[in-house]
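Structural characterization, general
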Amino acid sequence: MPVPKGASLDPAQTRATILRAATTLLYERGLDGVGVAELCASVGASKETLYRHFGSKDGLVQAVLEARSDHVVRWLREAADGAGDDPADQLAAVFDALGSWYAEPAFRGCAIVNASTQWHDGPPRTVAARHLDRHLDLLTGIARQAGARDPEALGRQLLMLVEGATVLADHRGEGEAAELAKQAALALLRQALQTPRVPSLSGRST
């Protein structure tokens, strides 16, 4: 990328600059919507520079998706932690954060899941699987902290609500997707905390 004559290049800064520019472009246009030449021109880097830092377009895509995953997971965890110690409040905060994201004009769904559907094999699929596992860890942790009878099962149910709400907000413009999903998530949490009735000796539930 252009630098003043005689100035030294900072490899870390160059890599970060390419990542930022590529993240925006690939999210807007999709993985197959931008060729290497256009990508290089858009980020202000030569092919040699791009390949030196990322090896290939596949390498750049993987780096973009991994950085995006780190950002999103950290953002949702901070939202949950900032809600205090009540697991219900933490869960609500996750969906409130998602709702604010869905409302952004540039929202186009989850970049990581989108990428894995475009390139079903290779780095995007691997990153997407890890990304969903990280979401699952957060949600299962909230379920476990709440004292759910089966936190692993509840965590999977909550993940389905997160991903389903994201898809509906993107593809149907569902403005209430996050709020509706939050209500369903809190209902699932309450149900998971209820003490099951124990059958009596007479066969009636007590």
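Residues numbered from 1 in each chain as written. Predicted model: local features only at pLDDT ≥ 70, side-chain atom pairs only at ≥ 80, totals over all residues. Heavy atoms only, no water.

1. Structural notes on the pattern of salt bridges
For the structure shown, the criterion picks out 6 salt bridges. With its nearest N and O atoms 2.9 Å apart, the salt bridge here joins Asp 70 to Arg 134. Of this pair, Asp 70 sits in helix H4 (residues 57-81) while Arg 134 sits in helix H7 (residues 123-146), and the two are 64 residues apart along the sequence. According to the relative accessible area criterion, Asp 70 is partly exposed, its value standing at 32%. Put simply, Arg 172 and Glu 174 hold a salt bridge, and the shortest N to O gap is 3.5 Å. (Salt bridge = Lys/Arg side-chain N within 4 Å of Asp/Glu carboxyl O. Helix = DSSP H or I, 4+ residues; strand = E, 2+ residues; numbered from the N terminus. Buried < 20%, exposed > 50% of the residue type's maximum accessible area, 1.4 Å probe, protein only.)

2. What about the packing of aromatic side chains?
A full pass over the atoms with the stated rule returns 4 aromatic pairs. A centroid spacing of 6.2 Å and a plane angle of 80° characterise the contact between Trp 75 and Trp 101, whose relative ring orientation is edge-to-face. Taken together, the positions of Trp 75 in helix H4 and Trp 101 in helix H5 (residues 87-102) put the pair 26 residues apart, joining distant regions of the chain. Exposure remark for Trp 101: the relative accessible area of 9% places this residue in the buried category. Between Trp 101 and Tyr 102 the ring centres are 5.8 Å apart and the planes differ by 40°, which places this aromatic pair in the tilted class. Using a relative accessible area of 12% as the deciding quantity, one classes Tyr 102 as buried. Residue placement shows Arg 68 over the ring face of Tyr 27; its charged tip is 5.8 Å from the ring centre. (Phe/Tyr/Trp six-rings, centres within 6.5 Å; stacked < 30°, edge-to-face > 60°. Lys NZ or Arg CZ within 6 Å of the ring centre and 35° of its normal.)

3. Notes on empty space enclosed by the protein
Any empty space left between the atoms is revealed when a probe the size of a water molecule rolls over them. All chains considered together, the criterion is met by 2 cavities of 30 Å³ or more. If you add up the space inside the largest cavity, you get close to 90 Å³. Listing elements by their share of the lining of the largest cavity, those giving two or more residues are H4, H5, helix H6 (111-118), H7 and helix H8 (151-171). Of the residues that constitute the lining of the largest cavity, the class distribution is 8 nonpolar, 3 polar and 2 charged. Leu 76, Val 94, His 135, Leu 138, Leu 139 and Val 162 are the residues that line the second largest cavity. The residue inventory of the lining of the second largest cavity, partitioned by class, reads 5 nonpolar, 1 polar and no charged. (1 Å grid on protein atoms, 1.4 Å probe; cavity = no way out; pocket = protein on both sides within 12 Å on 5 of 7 lines; lining within 4 Å. Points joined across faces, edges and corners; volume = space filled by probe spheres on them. Nonpolar A, V, L, I, M, F, W, Y, C, P; charged D, E, K, R; others polar.)

4. What about helix H9 (residues 177-193)?
Along its 17 residues, H9 runs 24 Å from first to last C-alpha, staying within 8% of the 24 Å computed at 1.5 Å per residue. Within H9, the full set of buried residues consists of Ala 177, Ala 178, Ala 181, Lys 182, Ala 185, Leu 186, Leu 189 and Ala 192. An end-on view of H9 places all buried positions within 155° of arc, on one side of the element. Against H5, H7 and H8 lie the buried residues of H9. (Expected span 1.5 Å × (residues − 1). Arc of directions from axis to C-beta. Contact = heavy atoms within 4.5 Å.)

5. Observations concerning the layout of surface pockets
Reported here for the largest pocket is a volume of approximately 390 Å³. Residue lining of the largest pocket: 16 residues in total, with Thr 23, Tyr 27, Arg 68, His 71 and Trp 101 positioned closest to the centre. Elements represented by at least two residues in the lining of the largest pocket include exactly helix H1 (11-29), H4 and H5. It is H4 that provides the largest number of residues to the lining of the largest pocket, a total of 6 residues. A breakdown of the residues in the lining of the largest pocket according to their chemical character gives 9 nonpolar, 4 polar and 3 charged.

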